[in-house]
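Residue-level structural notes
Next come the chains, spelled out residue by residue.
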Amino acid sequence: MYHFPQSKVLQSLPTQFFATLVSKVERVKAEGHDVINLGQGNPDQPTPPHIVRKLQEAALNPENHKYSPFRGYPYLKEAIAAFYSREYGVHVDPETEVAVLFGGKTGLVEIPQCLLNPGDTVLLPDPGYPDYWSGVALARAKMEMLPLFAENGFLPDYNAVSEQTAEKAKCMFLNYPNNPTGAVATKTFFDDTVAFAKKHKICVVHDFAYGAIGFDGKKPVSFLQSEGAKDIGIEIYTLSKTYNMAGWRVAFAIGNPSVIESINLIQDHMYVSLFGAIQEAAAAALLESQDCVEALVRRYESRRNALIGGLHSIGWDVDAPKGSFFAWLKVPNGYTSESFADLLLTRAHVAVAPGIGFGEHGEGFVRAGLLTSNQQLKEAADRIKALNLFAGTHF
Ligand SMILES: Cc1ncc(COP(=O)(O)O)c(C=O)c1O
């Protein structure tokens, strides 16, 4: 059999760090252990029934069996605009300021292809969501990292970016509520982001994947709520987390019309838009009752309290996340993020994601997902307690 070599660009893609984690977890399970897996990010709850029903009805409509319009049905883009106006007081033109995406990941990987030439510089958060690196590698662009430190609330410090780097950068990615740290942004931070980006003509791509998930009664702020944000950037919003629709692959980009046009253009060449029935169901999710979202946020908050309360009670000094469905836990002295994650997996049968998988500045932390029941989260804390790691530990 002839083996066809991969293109250079494909060979340059970053290795998928978390594939290793999956195989380690599988190995421990195969040994017969019952693993509590807090390492992944797959929402565990079903899509709310009214959205599934809408898909069922819409799937019967022969209109939806045809190709849908290349750039998505106007009713979906109108629903998206109405959602942003209702939730954030942000007003956009549905035709020119909204692009329908096959999930947020697709948009995030497309954007570097739309905006960057080989050798161009892009600013990325570190730690950050690894799929940003994939899009940058495909565009043959260069990454400059924006380190996120606990003492700055895991927000980048623009004063620490050299003038030279800022001048070179064409695009920057941000993500709040943040994966992996669980940090949230403030309106002031986004105001500063607009000022920094305008000064250096950098396109801001704000990944708002966890936009619905804010704790302690605080609704996460949208980047587009800052004055002038639309002049200099876009936001990517996915239905995967807000409505437990990760398998449906539906999201959108919203904001600066030149960027939206570029996304639509690349998609004109790569796809026809989403299955019409999915577009109808997505519009229903955005426009109908949001009680399911409120209930979901309450559920995650209660899980957060179960996990963090459990870890505090065993003497692990960790901060509670303010949003997203992840907790970012400081590793005790004497371990790396990977050796500590290995220890928890092999001795407590609790899987967490080592921080180093999210970038150099993720070292010293592990990420735990809130995607299982309160009972399992408490059980995870009890299993870790049995290792007697924390009595008298200094962080
Ligand atoms: C930070 C972040 N952005 C984007 C996504 C992509 O979500 P989707 O492709 O399902 O819309 C995820 C999913 O895990 C994420 O964690």
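One numbering rule holds for all chains: residues counted from 1, following each sequence as written. It should be noted that, the model being predicted, local features are given only for residues of pLDDT at least 70 and side-chain atom pairs only at 80 or more, the latter also being counted only at that level, while totals for whole chains, interfaces and linings use all residues. In computing side-chain values, all of the structure's heavy atoms are included and hydrogens and water are not.

Of all residues adjacent to the ligand, which total 14 residues, the nearest are G104, D207, Y210, T238 and S240. Two N or O atoms form a polar contact when they lie within 3.5 Å of each other; inside protein one atom must be a possible hydrogen donor and the other a possible acceptor, and for residues adjacent in sequence the pair counts only when both atoms belong to side chains. Between the ligand and T238 there is a distance of 2.6 Å, counted from an oxygen atom to a side-chain nitrogen or oxygen. To be clear on the numbers: accessible area is Shrake-Rupley with a 1.4 Å probe, and residue cover counts the displayed protein chains and nothing else. Contact with the protein chains removes 91% of the 400 Å² of surface that the ligand exposes when unbound. Strands here are runs of E lasting at least two residues and helices are runs of H or I lasting at least four, both read from the DSSP assignment and numbered beginning at the N terminus. Listed by contribution, the elements that provide at least two residues to the shell around the ligand are α5 (104-115) and α10 (239-242). No other element matches α5, which puts three residues into the shell around the ligand. Considered class by class, the residues forming the shell around the ligand number four nonpolar, six polar and four charged. Note on definitions. A residue lies near a molecule or strand when any single heavy atom of the residue is within 4 Å of it. Under the scheme applied, nonpolar residues are Ala, Val, Leu, Ile, Met, Phe, Trp, Tyr, Cys and Pro; charged residues are Asp, Glu, Lys and Arg; polar residues are all the others, including Gly.

For I232, the position within the fold is in helix α9 (residues 229-232). Spatially, the C-alpha atoms of I232 and I51 are 34 Å apart, while their sequence positions differ by 181 residues. Every residue in contact with I232, bar those within four places of it in the chain, is listed here: V194, A197, K198, K201, I202, C203, V204, F223 and N256. In what follows, residue pairs with any heavy atoms lying within 4.5 Å of each other are defined as contacts.

Axis lines are fitted through C-alpha atoms, for helices just across the contact stretch, and the angle between N-to-C directions can take any value from 0 to 180 degrees. One way to put it is that helix α3 (residues 49-59) packs onto helix α12 (residues 276-287) with a least axis distance of 8 Å and a crossing angle of 150 degrees. Considering only the axes of α3 and α12, their crossing is right-handed. Where α3 abuts α12, its residues I51, K54, L55, A58 and A59 lie against A277, I278, E280, A281, A284 and A285. Across the contact of α3 with α12, the residue classes break down as nine nonpolar, no polar and two charged. Helix crossings get a hand from a simple test, with the near helix turned counterclockwise from the far one by less than a right angle marking a left-handed crossing and a clockwise turn marking a right-handed one.

Annotation comment: domain bounds sourced from an automatic or database domain assignment. Considered domain by domain, the protein chain is made up of domain 1 (8-46 + 292-385) and domain 2 (49-287). A C-alpha centroid distance of 25 Å is found between domain 1 and domain 2. The interface is formed by 34 residues belonging to domain 1 together with 33 residues belonging to domain 2. Buried area: the accessible area, evaluated with a 1.4 Å probe, that two parts lose upon being put together, summed over both parts. Both faces combined, the contact of domain 1 with domain 2 buries some 2900 Å², and carbon together with sulfur accounts for 65% of it. Throughout this description, the term salt bridge denotes a Lys or Arg side-chain nitrogen within 4 Å of a carboxyl oxygen of Asp or Glu. For the pair domain 1 and domain 2, the interface holds one salt bridge. D216 is the partner of R304 in a salt bridge, and the nearest nitrogen-oxygen pair spans 2.9 Å. Linking domain 1 with domain 2 are 10 residue pairs in polar contact (both at pLDDT 80 or more). Take the side of domain 1 that touches domain 2: its biggest share by element is seven residues, from helix α13 (residues 291-313). Here the residues of the side of domain 1 that touches domain 2 sort into 18 nonpolar, 11 polar and five charged.

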